[in-house]
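Structure assessment
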Amino acid sequence: QVQLVESGGGVVQAGDSLRLSCTASARAFNTWYMAWFRQAPGKERGLVATIGWNGVSTLHSDSVKDRFTISRDNAKNTVYLQMNSLKPEDTAVYYCAANSNAARRPDRLWEYDYWGQGTQVTVSS
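Residues numbered from 1 in each chain as written. Predicted model: local features only at pLDDT ≥ 70, side-chain atom pairs only at ≥ 80, totals over all residues. Heavy atoms only, no water.

For the rest of this paragraph, the subject is the overall build of the protein chain. A tally of regular secondary structure across the protein chain gives 0 helices and 11 strands. When the helices and strands of the protein chain are listed from N to C terminus, the series reads β-β-β-β-β-β-β-β-β-β-β. Taking all 125 residues of the protein chain together, 42% fall into the buried category. Within the protein chain, contacts between residues at least 6 apart in sequence are counted, and of these 57% link residues at least 24 apart. When the 13 basic and 11 acidic side-chain charges of the protein chain are each reduced to a single mean position, those positions are 3 Å apart. (Helix = DSSP H or I, 4+ residues; strand = E, 2+ residues; numbered from the N terminus. Buried < 20%, exposed > 50% of the residue type's maximum accessible area, 1.4 Å probe, protein only. Contact = heavy atoms within 4.5 Å. Lys, Arg positive; Asp, Glu negative; His and termini not counted. Charge placed at Lys NZ, Arg CZ, Asp CG, Glu CD.)

Now the structure itself:
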C-alpha cells in the first residue's frame, strides 16, 4: 500500500521559515507528479505547488511565488516545500499529493491517486 507522510509543520512567527517534507513508500516515486496543497479552516483545499518527475516545478499561487520553493530528492522518495517569509495567511493544513501518471488539471483534487494526512502550519503575527 502506498503511503505519503508529511512532516515539518509547526507554530512559527511571521517572517520565519519552515521546510515541509513528504516521503512516499513507493519505489516508483521517481516517476510521479507531486503536489502540495493547503487548506485553511472554512476554505477549499487549494493547490500551492507542483513538481514533475524531471524536477520541473511550478508555483500556482501569486502569494507564494516569491517565497516558496518545491523540490524533490528521488533517492529519498521525498518532496519538499521550503517556505520562507511566512505570513499569517499561510496558516493551513498542508497536504502532499501524488499522481502516478500525470495531472491534466493539477488544481483538481481528483487528479491525485494518493494523499498524505496533512501537517499543520500556524503562523502567528
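What follows continues from the structure just given.
In terms of nonpolar packing, the biggest core is built from 28 residues, with Met34, Trp36, Phe68, Val79, Leu81, Met83 and Tyr94 touching the most fellow members. If you list the elements that add at least two residues to this core, you get strand E3 (18-24), strand E4 (33-39), strand E5 (46-51), strand E7 (68-73), strand E8 (78-83), strand E9 (92-99) and strand E11 (119-124). Excluding its chain neighbours within four sequence positions, the residues that come into contact with Phe68 are Arg38, Val48, Leu59, Leu81, Gln82, Met83, Asn84, Leu86, Asp90 and Tyr94. (Core = buried A, V, L, I, M, F, W, Y, C linked by side-chain atoms within 4.5 Å.)

Positionally, Ala97 belongs in strand E9. A relative accessible area of 0% means that Ala97 is categorised as buried. It is 9.4 Å that separates the C-alpha atoms of Ala97 and Glu111, two residues lying 14 residues apart in sequence. Non-local contacts of Ala97, meaning those with residues more than four positions away in its chain, are made with Leu4, Tyr33, Met34, Ala35, Phe37, Tyr112, Tyr114 and Trp115.

For the rest of this paragraph, the subject is the pattern of salt bridges. Applying the stated criterion across every chain yields a total of 5 salt bridges. Arg38 is the partner of Asp90 in a salt bridge, and the nearest nitrogen-oxygen pair spans 2.9 Å. Of this pair, Asp90 sits in the loop between E8 and E9 while Arg38 sits in strand E4, placing them 52 residues apart in sequence. The pair Asp90 / Arg38 is uniform in exposure class, with both members buried. Between Lys65 and Asp62 there is a salt bridge, and its shortest N-O distance comes to 3.1 Å. Judged by its relative accessible area of 65%, Asp62 is exposed. Sharing partners across several salt bridges, the network here consists of Arg38, Arg67 and Asp90. (Salt bridge = Lys/Arg side-chain N within 4 Å of Asp/Glu carboxyl O.)

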